[in-house]
Amino acid sequence: MSLSLSLRALPRSSSACSHIASVQVCRRTYYSIHHPDPPPFPPVQATILASAIQHVPRLGFTQAAVTAGAQSTGYLEASTLLFPRGPFDLIRYHLVTERLALKDRVQFPADSKLGLTEKVKKLVVARLIANKDIIGHWQGALGHMSLLENIPASLAELGNLADEIWYLAGDKSVDFSWYTKRAQLSAVYASSETFMTTDQSPGFRDTEEFVERRLGDAKTVGGAAGGFTDYVGWWAGNGLGLARAWGMKV
Amino acid sequence: MSATVVSRGIVSRQAIARNGSTLSYVLRGAKPCRNHTRLASTQAAEDHTPGEPQTKPMTTLTEAQRRFLDSALRVNQAGELAATLIYTAQTPPVVKAHPHLQPLMKHMYDQEAGHFKTFNELLAKHRIRPTAMYPVWQAAATLLGWTTGMMGKEAAMACTEAVETEIGNHYNSQVRELFKWMTELKERGEELDPELAVLIEDVKRIRDEELEHLDHAVEHDAKQAQPYEPLTKVIQYGCKAAIWTSERV
């Protein structure tokens, strides 16, 4: 009975979400404090996955963990059919819930003296630290994420994380740097996450330093992109000046 | 050349009309997503201790309405970006030839800059992605402003007339849509959330100011531009194509 119910609760076509090979990829639309965002997972899936994630430190991101989650919440073993991707659905649950938990984990007072880069660094490190309990299984998880059929959903989630971090850091830029900022932060986060899987230092201090260095590099690149726009503008202005000097009426 | 531009413009207009009708159809028949049950609100409720007063959402936007606002605000920002750049590029050549137009150009620019600021703030607040065509519109708008400015006062005013006609229509359709939401909610006895109420007023005010620019342009000999028809048509269809593109990317 619970199975048929759960199957009926399976996500159908939803307007904000596209199904890329059976995995939901949701893109954020209009956000407002008056309209809470819809939950990322349907209730049954959320219940099972929330329980399954407790088994990950022991069992890893595996089908066994999903099954254990279903069993300990009183669902039939067959209800794992709700998760056609098994381990990847569990990984995605981890990614989504940790991203959404970030706003409660790191909060900046309104009069915070921290600069934007400092805030971004704090947020990135906080998000990485959320992987610490399952860090032993994270390399395997990264392997699942890089499988061809999982790449679109993984990249979308990486982009969502970068968006969340810039938003929480209080970045208000809505020009083209919106895109470069998210792309750079995604790259920094992805490389730091990989670095962390081999980090043996106490409290992941090396990872933190790695993040700091990489953000410093990104800042330089970002400056270069802005510099390029100025450069083009400068030459356009010069071109006009030259044309005037030649007697053109411009 | 202009023929291809025009024909492309017609295609895009049909696409807008088609899209408009499907969108309104979606909005009329919109139901909350099946898989979007209110887990977030139950979580929020759990976070609240029972004694604490809990702010209740006045309305729930459907997914289609969210997407409408998402693309509408993105287009508006792109439009105001282009408008500020057109005036910035037009002002030096126009004012050089006709110094008495300086206050008018400044007045129109200042209003556009105000609109641009409004939509920038709205985009940041509602976490809406700016258009990916941002640099393209920057270049196109500057080029358009500079070219029409160089063609003379009349061409510059004809450009303003063509752009503001399109933009006026565009804002009008948004006001109509938002107004429809408001009446539907009133029928159900609900209230529009304060942000949306402000948004409707903002869009109305901005539309009126754009139409005021249109009147200024016509008063200042826009109709005398040579060649009037092709110039305004190309600009109008260009605007339509830009709106269509910015709604999507």
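Keep in mind that this is a model prediction, so the values were computed, not measured. Each chain carries its own residue numbering, running from 1 in the written order of its sequence. Chain letters start at A and ligand numbers start at 1, both assigned in the order the entries are written. Residues qualify for local features only when their pLDDT is at least 70, as the model is predicted, and side-chain atom pairs are given and counted only at 80 or more; totals for whole chains, interfaces and linings, by contrast, use all residues. The side-chain values count all of the structure's non-hydrogen atoms but skip hydrogen atoms and water molecules.

## Some details on the overall build of chain B
Helix numbers and strand numbers start at the N terminus; a helix is a DSSP run of H or I with at least 4 residues, a strand a run of E with at least 2. Check the secondary structure of chain B and you find 8 helices and 0 strands. Along the chain direction, N to C, the helices and strands of chain B fall in the order α-α-α-α-α-α-α-α. To sort residues, take the accessible area from a 1.4 Å probe on protein chains only and compare it with the maximum for the residue type: under 20% means buried, over 50% means exposed, and anything in between is partly exposed. Here chain B holds 249 residues, and 47% of them are scored as buried. Whether two residues touch is decided by their heavy atoms; if any such pair falls within 4.5 Å, the residues are in contact. When contacts within chain B are restricted to residue pairs at least 6 apart in sequence, those whose partners lie at least 24 apart make up 87%.

## A short note on the nonpolar core
By size, the foremost hydrophobic cluster in this structure holds 51 residues, and its most contacted members are A:Phe61, A:Leu90 and A:Trp138. When residues of this core are traced back to their parent elements, those giving at least two are helix 2 (43-54), helix 4 (63-72), helix 5 (87-105), helix 6 (116-129), helix 7 (135-145), helix 8 (151-168), helix 9 (177-196) and helix 10 (205-245) of chain A. Once residues lying within four places of it in the same chain are set aside, the contact partners of A:Leu90 are A:Leu49, A:Ala52, A:Ile53, A:Val56, A:Phe61, A:Thr62, A:Ala65 and A:Val66. Definition of nonpolar core: a set of buried residues of the types Ala, Val, Leu, Ile, Met, Phe, Trp, Tyr and Cys, connected through side-chain atoms within 4.5 Å. In this structure, A:Val174, B:Phe119, B:Leu196 and B:Ala225 belong to the second largest nonpolar core, which totals 37 residues.

## Comments concerning the pattern of salt bridges
We count a salt bridge whenever a side-chain nitrogen from Lys or Arg sits within 4 Å of a carboxyl oxygen from Asp or Glu. Tallying each qualifying case throughout the model produces 23 salt bridges over all chains. Residue A:Lys181 pairs with A:Asp171 through a salt bridge whose shortest N-O separation is 2.9 Å. Note that A:Lys181 is positioned in helix 9 and A:Asp171 in the loop between helix 8 and helix 9, a separation of 10 residues in sequence. With respect to burial, A:Lys181 and A:Asp171 carry one shared label: buried. For B:Glu190, the salt bridge is made with B:Arg188, and the minimal N-O distance between the two is 3.2 Å. The exposure class of B:Glu190 is partly exposed, given its relative accessible area of 29%. The network of salt bridges with shared partners includes A:Asp163, A:Glu164, A:Arg182 and B:Arg127.

## Considering the environment of A:Pro43
Inspection of the secondary structure puts A:Pro43 in helix 2. Sequence separation between A:Pro43 and A:Ala70 is 27 residues, and the spatial gap between their C-alpha atoms is 13 Å.

## Here's the deal with the packing of aromatic side chains
All names here are of chain A. Side-chain rings of Phe, Tyr and Trp, where Trp is taken by its six-membered ring, are said to pair if the distance between their centres is within 6.5 Å; with planes under 30 degrees apart they count as stacked, over 60 as edge-to-face, and otherwise as tilted. A complete count under the given rule lists 10 aromatic pairs over all chains for this structure. Centroid distance Trp178 to Tyr179: 4.9 Å. Interplanar angle 70 degrees. Geometry classified as edge-to-face. Taking the centre distance of 6.5 Å and the plane angle of 75 degrees together, the rings of Tyr231 and Trp235 count as edge-to-face. Here Tyr231 pairs with Trp235, and both are found in helix 10, just 4 residues apart, close to one helical turn. Residue Tyr231 is classed as partly exposed on the basis of its relative accessible area, which comes to 49%. The exposure class assigned to Trp235 is partly exposed, which follows from its relative accessible area of 46%. Ring pairing ties together the aromatic residues Phe176, Trp178 and Tyr179, which thus form one cluster.

## Some details on the packing of helix 8 of chain A against helix 9 of chain A
Residue and element names in this part refer to chain A. Two numbers describe how helix 8 lies on helix 9: the axes approach to 9 Å, and their chain directions differ by 110 degrees. By the angle between their axes, helix 8 is roughly perpendicular relative to helix 9. Relative to helix 9, helix 8 is oriented so that their crossing is right-handed. Here helix 8 contributes Leu158, Gly159, Leu161, Ala162, Asp163, Ile165 and Trp166 to the contact with helix 9, which in turn contributes Trp178, Lys181, Arg182, Leu185, Ser186, Tyr189 and Ala190. Interaxial angles span 0 to 180 degrees and are taken between N-to-C directions of axes, which are lines fitted to C-alpha atoms, for helices over the stretch in contact. In this scheme, roughly parallel covers angles under 35 degrees and roughly antiparallel covers those over 145, while 65 to 115 is roughly perpendicular and the rest are oblique. When the near helix sits turned anticlockwise from the far one by under a right angle, the crossing is termed left-handed; a clockwise turn instead gives a right-handed crossing.

## Description of the confidence of the model for chain A
Residue and element names in this part refer to chain A. Residue-level pLDDT values for chain A average 84, and 87% of them are 70 or greater. When pLDDT is averaged over each element of chain A, helix 8 comes out on top at 94 and helix 1 (residues 2-8) at the bottom at 42. In predicted models, pLDDT denotes the confidence assigned by the predictor to each residue on a 0 to 100 scale. Below pLDDT 50 for its whole length, residues 1-16 participates in 32 contacts with residues either more than four positions away or in separate chains. Note on residues 18-23: pLDDT is under 50 here. Beyond four places in sequence and across chains, it has 19 contacts.

## Comments concerning helix 7 (residues 194-219) of chain B
Taking 1.5 Å of rise per residue, the 26 residues of helix 7 of chain B would be expected to cover 38 Å, and the 38 Å separating its terminal C-alpha atoms lies within 8% of that figure. In the segment just after helix 7 of chain B, B:Asp221 is the residue with positive phi, at about 65 degrees. Take the residue count of a helix, subtract one, and multiply by 1.5 Å to get its expected span.

## Topic: the side chain of B:Arg66
Structurally, B:Arg66 can be placed in helix 3 (residues 63-97). Aside from chain neighbours lying at most four places away, what touches B:Arg66 is A:Thr29, A:Tyr30, A:His35, A:Pro36, A:Asp37, A:Pro38 and B:Leu61.

## A few points about the confidence of the model for chain B
Residues and elements named next belong to chain B. Here chain B averages 79 in pLDDT, and 76% of its residues register 70 or above. When mean pLDDT is taken per element in chain B, helix 4 (residues 102-125) scores highest with 94 and helix 1 (residues 2-28) scores lowest with 37. Long-range and interchain partners of residues 1-57, a stretch whose pLDDT sits below 50, account for 52 contacts in this model, where long-range means more than four residues apart. Two numbers describe this predicted complex: its pTM, 0.77, and its ipTM, 0.78.

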